[in-house]
Amino acid sequence: MRISADSLQSSLCIKIRKFNQQSVSNVDKSPHANVPSTAVCMNCHRVVKTDSPWIQKLTEAYNNNQPIQWVNVHVLPDFVYFNHERHIQRGISCDTCHGNVAAMEKVEQVSPFTMGWCINCHRQPENQAPLNCNTCHR
Amino acid sequence: MKKDQIESSTQAKRFWMSVEESRAPEVFEKNLPGEFISTPIREGEESSGLDRRDFMKIMGASALMASLAGCTRRPVQKIVPYVNNPEEIIPGKPNFYASADPLTGYGLLVTTREGRPIKVDGNTDHPVNRGAISARDQASIHDLYDPDRLRNPQIAGADASWEDIDKAAAQALATKDGVWILTSSILSPTLQSVIDRLGYRHVMIDSLPMDDVLEGQAQSYGERVMPRYRFDRADYIVSIDADFLDNWGSTVEYEKGFSEKRRLSGNRVSMSKLVVFESMMRLTGQNADRRVAIHPADQLLIALSIAFEVGRIIGQGTPGLSEYSPANIQQKTGVAAEIITEVAKDLVRYRGRGLIVASGKGPQAVALQNVVNFLNSVLDNEGETIDGLLHPSNQFKGNYASFESLLTAIRTGSVKTLIIQGVNPLYLFAESMGIEAAIKSVPNVFYFTSHLDETSRIAKYVLAENHPLESWGDVSPIKDVYSIVQPTIRSLWNTRSLLDCLIEWSAIGRGQKFAENAYEAVVSTWKGLHGRYSSSSFQNWWDDTLMSGVAAPANLNNGTSSRRYKMDAFRSAINAGKSAGRVSGDTDFTLLLTSSIAFGDGSQSNNAILQELPDPVSKNTWGNYLAVSESTAHKNGWKDGDIVKVETAASSVEIPVYQQPGLVDGLVSAHLGYGRKFKGRIGNGVGVSFANFTASATSGAMPNWLVHGVRITKTGKREKIPCTQGHHRLEGRDIVFDTSLEEYRANPKAGIVRHFPNPPSIWSEHEYKGYKWGMAIDLNSCTGCSACVVACSVENNVPAVGKEQVQRGREMQWIRIDRYYSGDAMNPETIYQPMLCQHCDNAPCETVCPVLATTHSDDGLNQMTYNRCVGTKYCSNNCPYKVRRFNWFENNAPMNAPMEHPLPLMKNPEVTLRSRGVMEKCTFCVQRIEAGKSRAKTEGRRAGENDIRTACQDACASDAIVFGDLNDPESKVAKLQAHGRSFTSLEELNAKPAITYLSKVRNRAPMKNADHGGGHH
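Residues numbered from 1 in each chain as written. Chains lettered and ligands numbered in written order. Predicted model: local features only at pLDDT ≥ 70, side-chain atom pairs only at ≥ 80, totals over all residues. Heavy atoms only, no water.

Enquirer: Could you clarify how one ought to interpret the nonpolar core in this entry?
Expert: Generally speaking, a soluble globular protein has its nonpolar side chains buried in company with each other. Residues and elements named next belong to chain B. Counting residues in hydrophobic clusters, the biggest one holds 128 residues, and the most contacted among them are Tyr 229, Phe 231, Phe 244, Trp 248, Met 775 and Phe 924. Top element by residues in this core is helix H26 (residues 787-795). It accounts for 7 residues. Not counting chain neighbours up to four residues away, the residues in contact with Trp 248 comprise Met 210, Val 213, Tyr 229, Ala 242, Asp 243, Tyr 254, Val 357, Ala 358 and Ser 359. Ile 240, Phe 308, Tyr 350 and Ala 573 belong to the second largest nonpolar core, which has 45 residues in total. (Core = buried A, V, L, I, M, F, W, Y, C linked by side-chain atoms within 4.5 Å. Buried < 20%, exposed > 50% of the residue type's maximum accessible area, 1.4 Å probe, protein only. Helix = DSSP H or I, 4+ residues; strand = E, 2+ residues; numbered from the N terminus. Contact = heavy atoms within 4.5 Å.)

This is the structure we're talking about:
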């Protein structure tokens, strides 16, 4: 697989979900999906694939104490308060909204992320999801 | 029926809100501008040029991001994770840290998000403030992020490095001779021990002095100590101008204890009684069961008269006291003899359970304390409700006499180096005191300050000071109670605390520092305390205490003590009484200076949220005013807003007049803390400073707050006072109720008038299957202190809008405290009613919104969706409670400009920043509801009372506000809503609010019908 910053991001999304069987994205604990700290990457990449120019870049940034700036692909407006924790706790998998990120060479948005799209799911009776404005807007 | 007929037939008791209204309601109504009529003006059109409103915008935050995100072409946003994630931080989740306030010693709980503090509350585990803090403490978070803060130390006006400062200190402090340190009261055992070890001469002064209490205690009992007043034990309280619910002493602690003794929840039918002799109408008088308006010069006479009567009843006369018989005093002061007799009788009846407090003004202040101490001792209250021995307060240690010795030392040239912290002498003292020349004559002045201010201009070394949330330290508010002050953010700027510096400088001449840094110094103090509090290892105890926030003995609030009263103190007070009283033939005015709850000594005057917090009594914002009695105003032809010139031989200022009920004629009053010349862009030039009036031949260095011989003349100029009260009239409708304790005992529903109980509805009822959020607010507990208003603004990113906008009635606060007067127009009774969105079941706002921006949730919330709102303001027009707020401007940031650094850090990320053209209002802290519900759901249970508390509820020191789930019959709120005193405001409109109020009960005889403003039919 060709290595690019984007594809690195793709594979990360999965890896960060369950790293050592433990979520490092805190997606089950926090409203926000956290991008893990560079230190977490370095746990393996100190020894794994150190010849890759991307990993070398990562290592350099880590050694210089510089954070990696990831491009935010799934952008919601500031007045929307989406809660990852609730959806994960409900057993909704990542790919329901984000698609099969593992197969993406470059991460892209597969769902419209519009209010109508959110509501479509929320109003299915079997989902028992709230339909209050305050659920997302406050 | 004509309108006036309707009004007279529906009014049980006429409440009024301002003096003009009480005199001639019809005229007042005609002159009153429409509540919501405000001329549309464009931004930048205002006359005052740049201006406060632009600064207001600076003090807010950016809605820019939100508007950009709505566009089709989004800018690329970056996610920047940590390089090394701090163990305890989960982005998106708040962390809570226990800390303490170095000035009051109260325990704090600081909420942080991603490493930045966003909210400060009281620590519920702290035995002194028990979870509450004052409005000023609530607002202190905004001081931390104030862009006007001093960012670097300065030498002679130019930025310098700390190394330069340290070098200068090494020279100045080479010998400890001639080194003086001037501070406010120091509550920190570590800082105190460092100062002691350094051997500098140390002077403490309080800008809101308690010297009279301290001196009185010294003369009466031998030790200069600030007692711990136990309002939580007092069943009968007499206050002579001691404004203990507002700004006198440890107010939050007092308010907490006071409200506990007055809570009529469940089946309780007894409450304490408060009688207040008061000059300027303040919160304590407004909360009194009986308020007696007095002239401040008469304080001592009244106290002596009570002492005479008490002595007579218990058969213990004191020679020389007979001339203060109630009949004589009535003649001299106008205070009715039967009031004194009744108070004395009650004091004897509540022997050992009573409490008399006083705050002296003028030369007889200490004598007044001696009389009060005598009364407390003779009535066995000493040791029961006054603790001067077991756990006395450390909060006030100031001594103006020692400040005078500092001045003398400066003038004789023996002061070579002066370190100043926590005191701003050039603002505090009158120019005529010669403080400026004195300080200038000291070769080395090290001045710690957060802002460049009046004193920093003449100090050679200006030391940029840490905010308490950036510093290590410790604090002991009362004896045996200790808290650690821990930083919750690294210093935003290049700043240090006094402790940091003194530790650094302790190596000078010693070669070795006392400790590596402030943290180590605190640890070493605490190693000394360890054995008294814990048998576990020091590290365990330290970690536990850091987490819980306090080390205190288990039986702290039990126990009694007693000290022996020295009769000499009383005899000298009797003598002092001979020269007390009003100066006869004084045709000029007497000026009484007070401090306001929002503003204190003015040290937080660059805080927009406090500037815009309405004074609880007058509801005025943005500046001080001259309070005068109605008849004084009438006699002199003054109207509210007329600017008058107030002058003495030494000084003069110009200030607008405001008519305040409850003042005796001849007395005028104004707040201190205003009129800052050098503080910051928000505080400068707001109001006027009365510092120059405070110099006095008799009071020594201590600022004299009682000024006789004041001349007042009209200037012909006028100003619209930025008052928030007139904008929220109630058009004569009954929305608050009160009753007397006697009537309440006979019938818990006493006083509540229901015109149309259970009116029919044209709407079908909402069905609430899960939660149903509701609130109960006890008007009998609410003291009007307004901490909730500030807490709400901080929690919900509510902006301040500035003086001009408040004058137009466009303040944004989501919760306001309505204040209603009733009864005697000269000395009325007061009810406070916190008013916020009522989250009505039949919400009038919801039915008129053309775009469905305000809707009802299935758990009973009235939701406001900002991004859907188009700003028709129909909802606001249709709201009977007038709680909706419209963003007339971009209140958070200047148009098309980012927020000034570091203001974005201050905002609560869980609440949208509202932009121009959008309506907003109280959400019941929906972000907290959602978080609480989510937490409970993850844990597989229903959210309970401890999961969700609103910001106003957290802030309320008197626990007047209770929020919870009405669908849970066992919840506190459900029980309170079912209580006999419970009523909904404007029930006849059938809006079915989710908030019920509990009626106010006054511990006095029922009013005769004649006292009501018309009977109920």
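Enquirer: Can you walk me through the interface of chain B and chain A in this structure?
Expert: The accessible area lost on association of the parts is a frequent measure of interface size. Taken together, the contact pairs 40 residues of chain B with 36 residues of chain A. Interface area, chain B with chain A, both sides summed: about 3,500 Å², of which 52% is carbon and sulfur. Summed over the shared surface of chain B and chain A, the number is 2 salt bridges. Notably, a salt bridge pairs Glu 910 of chain B with Arg 138 of chain A, separated by 2.5 Å at the nearest N-O pair. Joining chain B to chain A, the criterion identifies 20 residue pairs in polar contact (both at pLDDT 80 or more). Those elements that place two or more of their residues in the side of chain B that touches chain A are helix H5 (64-69), strand E2 (78-79), strand E32 (862-864) and helix H31 (926-938) of chain B. (Buried area = accessible area lost by both parts, 1.4 Å probe. Salt bridge = Lys/Arg side-chain N within 4 Å of Asp/Glu carboxyl O. Polar contact = N/O pair within 3.5 Å; in protein donor to acceptor, adjacent residues only side chain to side chain.)

Enquirer: Sorry if this is basic, but what is going on with the sheet that holds strand E3 (residues 94-100) of chain B here?
Expert: To summarise the sheet geometry, strands pair through backbone hydrogen bonds and adopt either a parallel or an antiparallel arrangement. Residue and element names in this part refer to chain B. Strand order in the open sheet made by the 3 strands is E3-E4-E5, with antiparallel pairing throughout. With partners counted over all chains shown, the strands left at the sheet margins are E3 and strand E5 (116-122), one partner each. The average angle at which neighbouring strand axes cross in this sheet is 30 degrees, direction not considered. Here 6 bridges tie strand E4 (residues 107-113) to E5, and the two strands are oriented antiparallel to one another. Looking at the pairing, Val 110 lines up with Val 120 of E5. (Pairing = 2+ DSSP bridges. Axes fitted to C-alpha atoms, helices over the stretch in contact; angles between N-to-C directions.)

Enquirer: Honestly, the packing of aromatic side chains in this entry has me stumped. Any pointers?
Expert: When we look at a pair of aromatic rings, we describe it by the centre distance and by the angle of the planes. Residue and element names in this part refer to chain B. Per the counting criterion, the structure on display carries 37 aromatic pairs over all chains. When the ring of Trp 526 is compared with that of Trp 542, the centres are 6.1 Å apart and the planes differ by 85 degrees; the resulting orientation is edge-to-face. In this pair, Trp 526 sits in helix H20 (residues 518-533) while Trp 542 sits in helix H21 (residues 538-548), placing the two residues 16 residues apart along the sequence. You'll find Trp 526 and Trp 542 in the same group, each marked buried. Clustering of aromatic rings is evident, with ring pairs tying together Trp 472, Tyr 482, Tyr 519, Trp 526, Tyr 533, Phe 538, Trp 541 and Trp 542. It is Arg 810 that lies over the ring of Trp 888; its NZ or CZ is 4.2 Å from the centre. Lying across the ring of Tyr 744, Arg 981 places its NZ or CZ 5.9 Å from the centre. (Phe/Tyr/Trp six-rings, centres within 6.5 Å; stacked < 30°, edge-to-face > 60°. Lys NZ or Arg CZ within 6 Å of the ring centre and 35° of its normal.)

Enquirer: How do you make sense of the sheet that holds strand E22 (residues 626-628) of chain B when you look at a structure like this?
Expert: Residue and element names in this part refer to chain B. Taken together, the 6 strands give a closed barrel; going around it, the order is E21-E25-E22-E24-E23-E26, and neighbouring strands pair in mixed fashion. The average angle at which neighbouring strand axes cross in this sheet is 45 degrees, direction not considered. Relative to strand E24 (residues 652-659), E22 is paired through 3 bridges, and the arrangement is parallel. Within the sheet, the bridge partner assigned to Val 628 lies in E24 and is Gln 659.

Enquirer: In this structure, what is going on with unusual backbone geometry? I would like to understand it.
Expert: Along the chain, His 901 of chain B connects to Pro 902 of chain B via a cis peptide bond; the corresponding omega equals 0 degrees. As for its placement among the helices and strands, Pro 902 of chain B is situated in the loop between strand E33 (885-886) and helix H30 (903-906). For Asn 26 of chain A, which is not a glycine, the phi torsion comes out positive at approximately 55 degrees. In this structure, Asn 26 of chain A sits in the loop between helix H1 (5-17) and helix H2 (38-45).

Enquirer: What is the right way to look at the pairing of strand E23 (residues 642-647) of chain B in this model?
Expert: Here is the key point about a regular strand: its side chains alternate between the two faces of the sheet. All names here are of chain B. Counting buried residues in E23 gives 5 out of 6 residues, a clear majority hidden from the surface. Here E23 runs beside strand E26 (residues 706-718); their pairing, made up of 5 bridges, is antiparallel. Residue pairing for E26: Val 644 is matched across the bridge by Lys 714. By the bridge criterion, 5 bridges tie E23 to E24 in an arrangement that is antiparallel.

Enquirer: I would appreciate a short explanation of the pattern of salt bridges in the present structure.
Expert: Two side chains of opposite charge can pair, provided their charged atoms sit close to one another. A complete count under the given rule lists 56 salt bridges over all chains for this structure. Residue Arg 349 of chain B is joined to Asp 346 of chain B by a salt bridge in which the shortest nitrogen-to-oxygen separation is 2.9 Å. Of this pair, Arg 349 of chain B and Asp 346 of chain B both sit in helix H14 (residues 337-349), 3 residues apart, which is roughly one turn of that helix. By relative accessible area, Arg 349 of chain B is classed as exposed at 57%. Across the pair Arg 1002 of chain B and Asp 738 of chain B runs a salt bridge whose closest N-O atoms are separated by 3.0 Å. Of this pair, Arg 1002 of chain B sits in strand E38 (residues 1000-1002) while Asp 738 of chain B sits in strand E27 (residues 738-740), placing them 264 residues apart in sequence. For Asp 738 of chain B, a relative accessible area of 8% gives the class buried. By sharing partners, the salt bridges in this structure join Arg 138 of chain A together with Arg 113, Glu 114 and Glu 910 of chain B into a single network.

Enquirer: Teacher, can you tell me more about the packing of helix H6 (residues 135-144) of chain B against H26 of chain B here?
Expert: For any two helices packed against each other, one specifies the crossing angle of their axes together with the interaxial distance. All names here are of chain B. Viewed as axis vectors pointing N to C, H6 and H26 meet at an angle of 20 degrees, and their least axial separation amounts to 8 Å. Judged on the interaxial angle alone, H26 and H6 are roughly parallel. You can see that H6 and H26 cross each other, and the crossing is left-handed. Facing H6, whose interface residues are Ala 135, Gln 138, Ala 139, Ile 141 and His 142, H26 presents Ala 787, Val 790, Ala 791 and Val 794. Here the residues of the contact of H6 with H26 sort into 7 nonpolar, 2 polar and no charged. (Parallel < 35°, antiparallel > 145°, perpendicular 65-115°, else oblique. Left-handed = near helix turned anticlockwise from the far one by under 90°. Nonpolar A, V, L, I, M, F, W, Y, C, P; charged D, E, K, R; others polar.)

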